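Single-letter residue listing:
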Amino acid sequence: MVFIVANWKMNKSQAQAVEYIHILNKFSDLNKHINVLISPPSIHLPVISSISDFPLVAQNVSHLENGALTGEISAQMLSKYVKHVIVGHSERRQFFLENNFFIKEKIQMCFKYKLSPIFCFGENKNARNKGNYLDFIKSQIQEVLFDFDVAKISSLILAYEPIWAIGTGNTATALQIEEVHTYVRNLLILKFGESIGFRIPILYGGSCNSDNAVEILSNDHVDGLLVGGASLDASNFINIIKIANEFSSNRF
Ligand code: PGA
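Heads up: these notes are all about the structure in this document. (Residues numbered from 1 in each chain as written. Predicted model: local features only at pLDDT ≥ 70, side-chain atom pairs only at ≥ 80, totals over all residues. Heavy atoms only, no water.)

### Let's talk about the pattern of salt bridges
And then number 1: All told, the structure shown has seven salt bridges when counted by the stated rule.
And then number 2: With its nearest N and O atoms 2.9 Å apart, the salt bridge here joins R128 to E123. For the pair R128 and E123, one class covers both residues: buried.
And then number 3: With its nearest N and O atoms 3.1 Å apart, the salt bridge here joins D223 to R185. Of the two residues, D223 is situated in the loop between helix 11 (213-217) and strand 8 (224-227) and R185 in helix 9 (residues 174-192); the sequence distance between them amounts to 38 residues.
And then number 4: For R185, a relative accessible area of 12% puts it in the buried group. (Salt bridge = Lys/Arg side-chain N within 4 Å of Asp/Glu carboxyl O. Buried < 20%, exposed > 50% of the residue type's maximum accessible area, 1.4 Å probe, protein only. Helix = DSSP H or I, 4+ residues; strand = E, 2+ residues; numbered from the N terminus.)

Here is the structure:
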């Protein structure tokens, strides 16, 4: 089933968030054929989870269980409100210096509390231009995921987010997306076996919007979209989920 995830990042007051969810709830029947997930700032999760017809996603999680970690939120705390957590987003790698080792610990915490991680990976512009982007991606995936056993990995969702495409309006081309998604799919199959390797959803994120959603989703190797900027306006996002819904009903 196709996943469409709205990543609001650090946007919206509580009143704006509530208003958005009330509008979105009118379209809850669209969630029958696709999985629509909403990722608000963590501070809004208690309020939003009490009114949302759509499952929620946390944007971050602590790498540790509890303790003296000012400002952090644990997997156990989040598990009351969400089923998923975005982990490894390039903005966290860039601004908060999160590395593969740290991200792996966060994923470990997600698994411990039965949260499904949405693990983001993707190359920067330099690796893309130099041509070594597949190696870049391979080490992200190997270092973060390859020590987990198959049973845990089965709840994982991946999101290919080329850093140069995030918030820039430059979506990766169909060929670029296909190349990376096929490459990653094969890595997963080789490491975790066919039945799990084929099943792990691989989403695409990076300047997705209602104009390019069909083209990106038409790629056989894309299992959904992680939408940032274009998810902030409720009617824009509803257009994307309508498109994904129509696309899914024709495809399956
Ligand atoms: P964008 O963000 O859609 O604004 O490019 C995507 C993301 O960072 O998840």
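### Focus: the packing of aromatic side chains
And then number 1: Enumeration according to the criterion identifies six aromatic pairs in this entry.
And then number 2: Taking the centre distance of 4.7 Å and the plane angle of 65 degrees together, the rings of W8 and Y20 count as edge-to-face. Of this pair, W8 sits in the loop between strand 1 (2-7) and helix 1 (14-25) while Y20 is found in helix 1, placing the two residues 12 residues apart along the sequence.
And then number 3: Classification of Y20 as buried rests on a relative accessible area of 3%.
And then number 4: Joined through ring pairs, the aromatic side chains of F119, F121, Y160 and Y204 make up one cluster.
And then number 5: Stacked on the ring of F96, the Lys or Arg R92 has its end atom at 4.0 Å from the ring centre. (Phe/Tyr/Trp six-rings, centres within 6.5 Å; stacked < 30°, edge-to-face > 60°. Lys NZ or Arg CZ within 6 Å of the ring centre and 35° of its normal.)

### Side note on the site of the ligand
And then number 1: Lining the immediate environment of the ligand, one finds 13 residues, of which K9, H89, E161, G167 and S207 sit closest.
And then number 2: One nitrogen or oxygen atom from the side chain of K9 is found 2.7 Å from an oxygen atom belonging to the ligand.
And then number 3: Taking G228, its main chain carries an N or O atom lying 2.9 Å from an oxygen atom of the ligand.
And then number 4: Expressed as a share of its isolated accessible area of 290 Å², the protein-covered part of the ligand is 95%. (Near = heavy atom within 4 Å. Polar contact = N/O pair within 3.5 Å; in protein donor to acceptor, adjacent residues only side chain to side chain. Areas by Shrake-Rupley, 256 points an atom, 1.4 Å probe, with all protein chains shown as cover.)

### Some points on the sheet that holds strand 5 (residues 116-121)
And then number 1: Taken together, eight strands build an open sheet; the order of strands is 2-1-8-7-6-5-4-3 and the sheet is parallel. The open sheet is flanked by strand 2 (34-39) and strand 3 (57-58), the only strands paired with a single partner.
And then number 2: With three bridges connecting them, strand 6 (residues 157-160) and strand 7 (residues 202-205) associate as parallel partners. The residue bridging Y160 from the neighbouring strand is Y204, located in strand 7.
And then number 3: This element, helix 9, spans strand 5, strand 6 and strand 7 of the sheet and lies at about 150 degrees to strand 7. (Pairing = 2+ DSSP bridges. Contact = heavy atoms within 4.5 Å. Axes fitted to C-alpha atoms, helices over the stretch in contact; angles between N-to-C directions.)

### Digging into the side chain of R93
And then number 1: Along the chain, the position of R93 falls in helix 4 (residues 90-95).
And then number 2: It is E98 that comes nearest to the buried, bridge-free R93 among opposite-charge side chains, at 7.1 Å.
And then number 3: A distance of 2.8 Å separates polar atoms of two side chains, one belonging to R93 and the other to N100. (Lys, Arg positive; Asp, Glu negative; His and termini not counted.)

### Observations concerning unusual backbone geometry
And then number 1: The residue K9 is not glycine, and still its phi comes out positive at about 55 degrees.
And then number 2: By secondary structure assignment, the location of K9 is in the loop between strand 1 and helix 1.
And then number 3: With relative accessibility at 21%, the residue K9 sits in the partly exposed group.
And then number 4: Backbone geometry at K114 places phi at a positive 60 degrees, although glycine is not the residue there.

### A few points about the environment of Q176
And then number 1: If you trace the backbone, Q176 turns up in helix 9.
And then number 2: Taking the C-alpha atoms as reference points, Q176 and P162, separated by 14 residues in sequence, lie 9.9 Å from one another.
And then number 3: If near-sequence neighbours (up to four positions away) are discounted, Q176 is found in contact with R128 and W164.

### A word on the pairing of strand 1
And then number 1: Burial analysis of strand 1 places six of its six residues in the buried class, the great majority of the element.
And then number 2: Along strand 1, one buried face is formed by V2, I4 and A6 and the opposite face, lined by F3, V5 and N7, is buried too.
And then number 3: Note: strand 1 against strand 2, six bridges, orientation parallel. Residue pairing for strand 2: I4 is matched across the bridge by V36.
And then number 4: Taking the sense of rotation as the criterion, the β-α-β connection linking strand 1, helix 1 and strand 2 turns out right-handed.
And then number 5: Of the strand pairs in this sheet, strand 1 and strand 8 are connected by four bridges, and their pairing is parallel. Residue pairing for strand 8: V5 is matched across the bridge by L226. (Right-handed = clockwise from strand over helix to strand, strands pointing away.)

The analysis is restricted to geometry; functional conclusions fall outside its scope.
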